[in-house]
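# Remarks on the overall topology
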Amino acid sequence: MKMVIAVVQDQDSNRLSNALTKAEFRATKLASTGGFLRAGNTTFLIGTDDDRVPPLLNLIRDNCRARDQLVAPVSPMGGNADAYIPYPVEVEVGGATVFVLPIEQFHHF
Ligand code: 2BA
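Residues numbered from 1 in each chain as written. Predicted model: local features only at pLDDT ≥ 70, side-chain atom pairs only at ≥ 80, totals over all residues. Heavy atoms only, no water.

### A few points about the environment of serine 13
Let me state the cut-off plainly: The helix and strand labels rest on DSSP assignments: H or I over at least four residues marks a helix, E over at least two residues marks a strand, and numbering proceeds from the N terminus. Throughout, a residue-residue contact means that at least one pair of heavy atoms, one from each residue, lies within 4.5 Å.
Secondary-structure assignment places serine 13 in helix 1 (residues 10–22). Separated by 16 residues in the primary sequence, serine 13 and lysine 29 have C-alpha atoms spaced 8.7 Å apart. Residues in contact with serine 13, not counting those within four places in the same chain, are Val8, Lys29, Thr42 and Phe44.

### What about the site of the ligand?
Counted only if it meets this: Whether a residue is near a molecule or strand depends on its heavy atoms: it is near if one of them lies within 4 Å of it. We define a polar contact as two N or O atoms separated by no more than 3.5 Å, with the added condition that, inside protein, one atom must be a possible hydrogen donor and the other a possible acceptor, whereas residues neighbouring each other in sequence contribute only through side-chain atom pairs. Note that accessible areas follow from Shrake-Rupley with a 1.4 Å probe, and for residues the cover is restricted to the protein chains shown. Amino acids are sorted into nonpolar (Ala, Val, Leu, Ile, Met, Phe, Trp, Tyr, Cys and Pro), charged (Asp, Glu, Lys and Arg) and polar (every other residue, Gly among them).
As a matter of local geometry, the ligand sits amid Val7, Gly34, Gly35, Phe36, Leu37, Asn41, Val91, Glu92, Val93, Gly94, Thr97 and Phe99. Glutamate 92 places a main-chain nitrogen or oxygen 2.6 Å from an oxygen atom of the ligand. A distance of 3.2 Å separates an oxygen atom of the ligand from a polar atom in the side chain of threonine 97. Considered on its own, the ligand offers 750 Å² of accessible surface; in the complex 52% of this is hidden by protein. Sorting the residues of the shell around the ligand by element identifies strand 5 (89–93) and strand 6 (96–102) as the ones contributing at least two each. Among the elements that line the shell around the ligand, the one with the most residues is strand 5, at 3 residues. Along the lines of polarity and charge, the residues of the shell around the ligand split into 6 nonpolar, 5 polar and 1 charged.

### Description of the side chain of serine 32
The line we're drawing: Three exposure classes are used, based on accessible area relative to the maximum for each residue type with a 1.4 Å probe and protein chains only: buried under 20%, partly exposed in between, and exposed over 50%.
Relative to the assigned elements, serine 32 resides in strand 2 (residues 27–33). Judged by relative accessible area, which is 17%, serine 32 ranks as buried. Of the polar contacts made by the side chain of serine 32, one reaches the side chain of threonine 43; its length is 2.7 Å. When sequence neighbours within four positions are dropped, the list of residues in contact with serine 32 reads Ala39, Gly40, Asn41, Thr42 and Thr43.

Structural data, given as C-alpha cells:
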C-alpha cells in the first residue's frame, strides 16, 4: 500500500476531488498554505494499493493545471533593503506536487 500526498492549487481541488470519487479512490482534503507564495492550496492524502498508483498519478496529472502566478514583493521590515526586489515576480505553480510514500500498516477500525 502507498500514501500519495498531492499538493494542488485550490482552483483544481474540486475537479480533482470529483475525479477521485468517480474513480473510487478514497481521499482526505486538507487546507494548506504554500511556504513560498503563502497562498492557500489543497493537500490530498490518498491511501491506495500499489497497483493503483500509476492510474492515480495519471488522474492527478489530468486534473491539475500549471499556472503562472505573481509573487507580490514583501517590503523589508528592518531587514536588508539591498536584497529587496520592488516589483512582482512571476512563478509557475503546479499542476501538482506529488509524494508517494510506503505504508507500513493500514488499519480501518
Ligand atoms: P509554494 O511554496 O507557495 O510555491 C509556489 C511556487 O513558487 C512553486 O510551485 C515554485 O514554482 C515557486 N517556488 C517555491 N519555492 C521557491 C523558491 N525557493 N525559489 C523560487 N521559486 C520557488 P510548485 O513547485 O509547483 O509548488 C506548489 C506548492 O507545492 C508549493 O507552494 C508548496 O505548497 C508545495 N510544495 C512544492 N514543493 C514542495 C516540497 N518539496 N515539499 C513540500 N511541499 C512542496
